[in-house]
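Read off the chains here:
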Amino acid sequence: MNDLYDRLKTQKIKITEIPNWGPYLRKQWGNIFASHLSDKDKKSIYLFDTGGYLWHLFSYEKKDCLGEEKAEAAFNNQTKNNCYVFYQHSDYALFLENASMFNTDDLINEQDIDIVDKGFNWTYIQTHEAGWCGPYFSVK
């Protein structure tokens, strides 16, 4: 987490730490990107369960997305003005402003990290299963 902060700091990105926002951002992410699923469907893919992951929405093919290199390219080419960065297993989060230079190279060694634009119009998730599951990129 601190490595990412340090990498982003060198790019003139304005970074605001929002230490307790993880639960709110994960819930908001689920409300928007998984809104088409019933509670039963969400439970069946372990979306919010202990040990579950938001990216299960994509690995269980419950929402269209790009994967692997296509996901990385889509994220790198996406306009990133203001975005949230948060983790699956942490309450720590960041709000980035002027993040146009932010790309996958900044995410070296990051796992189960979620990035969304301020309006939750798109999301990029880098999993701990790189090479097998993810990364994923999807739009609302």
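First, a word on what this report is: a plain description of the structure on this page.

Cut-off values and rules
- Residues numbered from 1 in each chain as written.
- Predicted model: local features only at pLDDT ≥ 70, side-chain atom pairs only at ≥ 80, totals over all residues.
- Heavy atoms only, no water.
- Helix = DSSP H or I, 4+ residues; strand = E, 2+ residues; numbered from the N terminus.
- Rg over C-alpha atoms; globule rule 2.2 N^0.38 Å.
- Buried < 20%, exposed > 50% of the residue type's maximum accessible area, 1.4 Å probe, protein only.
- Contact = heavy atoms within 4.5 Å.
- Areas by Shrake-Rupley, 256 points an atom, 1.4 Å probe, with all protein chains shown as cover.
- Pairing = 2+ DSSP bridges.
- Axes fitted to C-alpha atoms, helices over the stretch in contact; angles between N-to-C directions.
- Phe/Tyr/Trp six-rings, centres within 6.5 Å; stacked < 30°, edge-to-face > 60°.
- Lys NZ or Arg CZ within 6 Å of the ring centre and 35° of its normal.
- Lys, Arg positive; Asp, Glu negative; His and termini not counted.
- Salt bridge = Lys/Arg side-chain N within 4 Å of Asp/Glu carboxyl O.
- Polar contact = N/O pair within 3.5 Å; in protein donor to acceptor, adjacent residues only side chain to side chain.

## Some points on the overall build of the chain
Here comes step 1: Each helix and strand in the chain was counted, giving five helices and seven strands.
Here comes step 2: N-terminal to C-terminal, the α/β element order of the chain is α-β-α-α-α-β-α-β-β-β-β-β.
Here comes step 3: For 140 residues, the compact-globule formula gives about 14 Å, and the C-alpha radius of gyration of the chain, at 14 Å, lands near that figure.
Here comes step 4: Its C-alpha atoms put the chain at 45 × 30 × 25 Å along the principal axes.
Here comes step 5: Within the chain, the proportion of its 140 residues that are buried is 48%.
Here comes step 6: In the chain, the share of contacts with a sequence separation of at least 24, taken over all contacts with a separation of at least 6, comes to 63%.
Here comes step 7: A total accessible area of about 7500 Å² is found for the chain, and carbon and sulfur atoms account for 46% of it.

## Things to note about the sheet that holds strand β7 (residues 136-139)
Here comes step 1: Strand order across the open sheet formed by seven strands is β1-β4-β3-β5-β6-β7-β2, with antiparallel pairing between neighbours. Bordering the open sheet on either side are β1 (14-17) and β2 (66-67), each of which pairs with just one other strand.
Here comes step 2: Running at roughly 110° to strand β3 (residues 82-87), helix α2 (residues 22-33) makes contact with β3, β4 (93-97), β5 (113-117), β6 (122-126) and β7 of the sheet.

## Things to note about the packing of aromatic side chains
Here comes step 1: According to the stated counting rule, one finds 13 aromatic pairs in the structure shown.
Here comes step 2: Consider the rings of Trp-29 and Phe-58, whose centres lie 5.9 Å apart with planes at 85°: the pair is edge-to-face. Of this pair, Trp-29 sits in helix α2 while Phe-58 sits in helix α4 (residues 56-59); the two residues are 29 residues apart in sequence, bridging distant segments of the chain.
Here comes step 3: Aromatic rings pair up to connect Trp-29, Phe-33, Tyr-53, Trp-55, Phe-58 and Tyr-136 into one cluster.
Here comes step 4: Above the plane of the ring of Phe-75 lies Lys-80, whose end atom (NZ or CZ) is 4.5 Å from the centre.

## Re the side chain of Lys-80
Here comes step 1: Tracing the backbone shows Lys-80 in the loop between α5 (68-77) and β3.
Here comes step 2: Buried within the structure, Lys-80 lacks any salt-bridge partner; its nearest side chain of opposite charge belongs to Asp-106, at an N-O separation of 8.0 Å.
Here comes step 3: There is a polar contact of 2.6 Å between the side chain of Lys-80 and the backbone oxygen of Phe-75.
Here comes step 4: Polar side-chain contacts of Lys-80 include one of 3.2 Å to the backbone oxygen of Phe-102.

## Digging into the pairing of β6
Here comes step 1: Among the five residues in β6, five count as buried, and that is most of the element.
Here comes step 2: In β6, alternate side chains face the same way, and those of Trp-122, Tyr-124 and Gln-126 on one face and Thr-123 and Ile-125 on the other are all buried.
Here comes step 3: Sheet analysis places β5 next to β6, joined by four bridges and oriented antiparallel. Bridging from a neighbouring strand, Asp-114 pairs with Ile-125 of β6.
Here comes step 4: The hairpin turn running from β5 into β6, its antiparallel successor, is four residues long, and Phe-120 in that turn takes a positive phi close to 55°.

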